[in-house]
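These are the residues of each chain, in order.
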Amino acid sequence: MPFDTQNWFTEAIDETGTAFSLKLKTKLHEEQTPYQKIEIFDTQTFGKLMVIDGCTMVSSRDNFLYHEMMAHPALFTHPAPQRVLIIGGGDCGTLREVLKHPWVKQACQVDIDERVTRLSEKYFPELCESNQDPRAELHFSDGIKWLQETAPDSLDVIIVDSTDPVGPGEVLFSEEFYRHCRRALNHDGILVQQSESPLLHQDILLNMYQRMQAAGFSHQATLNFPQPIYPSGWWSATLAGNTKLQHFREQDVQQKTFDCQYYNADIHKGALAVPEFMKKTFTLSD
Ligand code: SAM
């Protein structure tokens with residue numbers, strides 16, 4: 001079957017020798033912001049697709065996997081999360097999941113690029129349905145600058161839902177950034193960050209562990225989950241804190257008052273299982 005490139009979006013990555021394609025209906029929008037190039041497509045089978053600097057960000061069909069796993073494991077690991085900061089997350093899908101937790105009193109989202117949110121409001125309104133929640137605060141600034149000015153011991157959970165460690169997202173994977181996060185979190189506070197593909201990006205994951213430990217986080221644990229539109233389809237989020245991260249409020253998960261499409265207590269436990277290769281290459285401190 002000849003490959004008709006005209007009607008396909010393809011993210012091809014030289015470094016990993018991999019590519020991912022989605023068959024298109026049409027291209028809906030493109031703009032260059034002061035920070036990045038944003039494209040929006042309508043696809044044959046995955047609904048709408050947002051692409052930033054050529055990298056897939058979010059699709060209507062499979063974003064629930066990522067947004068649920070970026071929010072719920074960390075929130076159910078913390079004993080009583082009330083004050084949550086999201087760095088990045090401009091499509092607002094993670095914010096929507098965070099605000100499903102009735103005990104969260106404040107969810108502050110800081111994305112460097114307001115245009116991501118405005119385009120998400122237009123093309124992914126279902127992800128933005130909680131933006132008017134009185135507990136939600138949307139700010140548009142560089143995440144590392146925001147953390148520098150955040151009061152010490154003032155947060156329970158920080159969620160870093162950023163682009164890859166290139167361009168504006170690069171600073172969010174630095175030891176300096178993790179030090180600011182450690183200072184802003186209270187003692188049992190938890191940091192969770194999208195940590196790329198355990199299959200393709202083991203070097204990035206290893207660097208994250210080392211920099212988080214250097215910044216004062218004594219424990220890390222990586223959650224593995226599927227995310228079809230991201231490179232290799234095997235994605236992860238890494239938890240960091242100063243308490244054991246394998247234990248979570250399982251009974252609260254069983255009795256949660258909101259619906260998920262993917263996350264539950266068994267998924268939480270399974271996602272924390274450590275692949276054999278990671279046992280060999282990571283000093284796992286949990
Ligand atoms: N799920 C996606 C992934 O894993 O690649 C991330 C989605 S979200 C759209 C990524 C967001 O990070 C973008 O909206 C981008 O503007 C934001 N971002 C990148 N660098 C940032 C920084 N230094 N401070 C705050 N937000 C940043």
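Everything here concerns the structure above.
Scoring rules and cut-offs
Residues numbered from 1 in each chain as written. Predicted model: local features only at pLDDT ≥ 70, side-chain atom pairs only at ≥ 80, totals over all residues. Heavy atoms only, no water. Near = heavy atom within 4 Å. Polar contact = N/O pair within 3.5 Å; in protein donor to acceptor, adjacent residues only side chain to side chain. Areas by Shrake-Rupley, 256 points an atom, 1.4 Å probe, with all protein chains shown as cover. Nonpolar A, V, L, I, M, F, W, Y, C, P; charged D, E, K, R; others polar. Pairing = 2+ DSSP bridges. Helix = DSSP H or I, 4+ residues; strand = E, 2+ residues; numbered from the N terminus. Axes fitted to C-alpha atoms, helices over the stretch in contact; angles between N-to-C directions. Contact = heavy atoms within 4.5 Å. Salt bridge = Lys/Arg side-chain N within 4 Å of Asp/Glu carboxyl O. Buried < 20%, exposed > 50% of the residue type's maximum accessible area, 1.4 Å probe, protein only. Phe/Tyr/Trp six-rings, centres within 6.5 Å; stacked < 30°, edge-to-face > 60°. Core = buried A, V, L, I, M, F, W, Y, C linked by side-chain atoms within 4.5 Å. Domains from an automatic or database assignment.

Q: Any chance you could explain the site of the ligand here in plain terms?
A: Not every one of the 24 residues close to the ligand is listed here, only the nearest: Gln36, Asp111, Gly143, Pro168 and Tyr230. At 3.5 Å, a backbone N or O of Ser162 approaches an oxygen atom of the ligand. At 3.3 Å, a backbone N or O of Gly169 approaches a nitrogen atom of the ligand. Considered on its own, the ligand offers 590 Å² of accessible surface; in the complex 99% of this is hidden by protein. Taken together, the residues of the shell around the ligand break down into 9 nonpolar, 10 polar and 5 charged.

Q: I'm lost on the sheet that holds strand E2 (residues 18-32) in this one. Help?
A: One key point about sheets: their strands pair by backbone hydrogen bonds, in either a parallel or an antiparallel sense. Taken together, 5 strands build an open sheet; the order of strands is E1-E2-E3-E4-E5 and the sheet is antiparallel. Each of the sheet's edge strands pairs with one partner strand only, and the pair in question is strand E1 (8-13) and strand E5 (55-59). Neighbour to neighbour, the strand axes of the sheet diverge by 45° on average, direction disregarded. In the sheet, E2 pairs with strand E3 (residues 37-43) via 7 bridges, with the strands oriented antiparallel.

Q: Looking at this model, I keep getting lost on the sheet that holds strand E9 (residues 155-161). Mind explaining?
A: Spatial strand order, E8-E7-E6-E9-E10-E12-E11: 7 strands in an open sheet with mixed pairing. Single-partner strands in this sheet number two, and they are strand E8 (136-140) and strand E11 (219-226). The sheet shows a mean angle of 15° between the axes of neighbouring strands, taken without regard to direction. In terms of strand pairing, strand E7 (residues 106-111) meets E8 through 5 bridges, oriented parallel. Note that in E8 the partner of Val110 across the bridge is His139.

Q: What is the right way to read the side chain of Gln193 from this model?
A: With respect to the helices and strands, the residue Gln193 is situated in strand E10 (residues 185-194). Discounting residues that sit within four places of it in the chain, Gln193 has contacts with Met70, Val160, Leu172, Phe173, Tyr178, Met208, Met212, Ser236, Ala237 and Thr238.

Q: Looking at this structure, how should I read unusual backbone geometry?
A: With the exception of glycine, the majority of residues adopt a negative phi angle, and the majority of peptide bonds are in the trans configuration. Here the phi dihedral of Cys92 falls at roughly 75°; this positive angle occurs in a residue that is not glycine. Topologically, Cys92 is positioned in the loop between strand E6 (83-88) and helix H2 (93-98). Non-glycine residue Asp153 carries a positive phi angle of around 55°.

Q: Just checking my understanding: could you explain the pattern of salt bridges for this structure?
A: Once their charged atoms are close, side chains differing in charge can pair, the charge on each being opposite to the other. Scanning the model with the defined rule gives 15 salt bridges in all. Salt-bridge contacts for Asp156 lead to Arg83; the nearest nitrogen and oxygen are separated by 3.0 Å. One end of the pair, Asp156, is in strand E9; the other, Arg83, is in strand E6, with 73 residues separating them in the sequence. Asp156 sits in the buried class, given a relative accessible area of 4%. For Arg96, the salt bridge is made with Glu97, and the minimal N-O distance between the two is 3.2 Å. With relative accessibility at 11%, the residue Arg96 sits in the buried group.

Q: I tried to follow the pairing of E3 on my own but got confused; where do I start?
A: Every other side chain in a regular strand lies on the same face of the sheet, so the side chains alternate between the two faces. Along E3, 6 of the 7 residues are buried, which leaves the element largely enclosed by surrounding structure. Between E2 and E3, which follow one another and run antiparallel, lie 4 residues. Pairing geometry for E3 and strand E4 (residues 48-52), over 5 bridges, is antiparallel. Across the sheet, residue Phe41 finds its bridge partner in E4, namely Leu49. Where E3 folds back on E4, the antiparallel hairpin that results is connected by 4 residues, among which Gly47 adopts a positive phi of roughly 70°.

Q: Honestly, the packing of aromatic side chains in this entry has me stumped. Any pointers?
A: Each aromatic ring pair is described using two quantities: the centre-to-centre distance and the angle formed by the ring planes. Under the criterion given, the structure shown has 9 aromatic pairs. A centroid spacing of 6.3 Å and a plane angle of 25° characterise the contact between Phe76 and Phe258, whose relative ring orientation is stacked. Here Phe258 lies in the loop between helix H7 (250-254) and helix H8 (265-272) and Phe76 lies in helix H1 (residues 63-77), a separation of 182 residues in the sequence. Classification of Phe76 by relative accessible area gives buried; the value is 0%. Consider the rings of Phe76 and Tyr263, whose centres lie 6.0 Å apart with planes at 5°: the pair is stacked. Note that Phe76 is positioned in helix H1 and Tyr263 in the loop between H7 and H8, a separation of 187 residues in sequence. The two residues Phe76 and Tyr263 agree in class, both being buried.

Q: Before we go on, may I ask you to explain the nonpolar core in this structure?
A: Buried together is how nonpolar side chains tend to be arranged in soluble globular proteins. Within the largest apolar cluster, 43 residues are counted, with the highest numbers of intra-cluster contacts made by Val84, Val98, Ile159 and Leu239. Per-element tally for this core: the top contributor is H1, with 7 residues. When residues of this core are sorted by domain, at least three fall in each of domain 1 (8-59) and domain 2 (63-281). Discounting residues that sit within four places of it in the chain, Val84 has contacts with Leu75, Val98, Val104, Gln106, Ala107, Cys108, Val157 and Ile159.

Keep in mind these values describe shape, not function.
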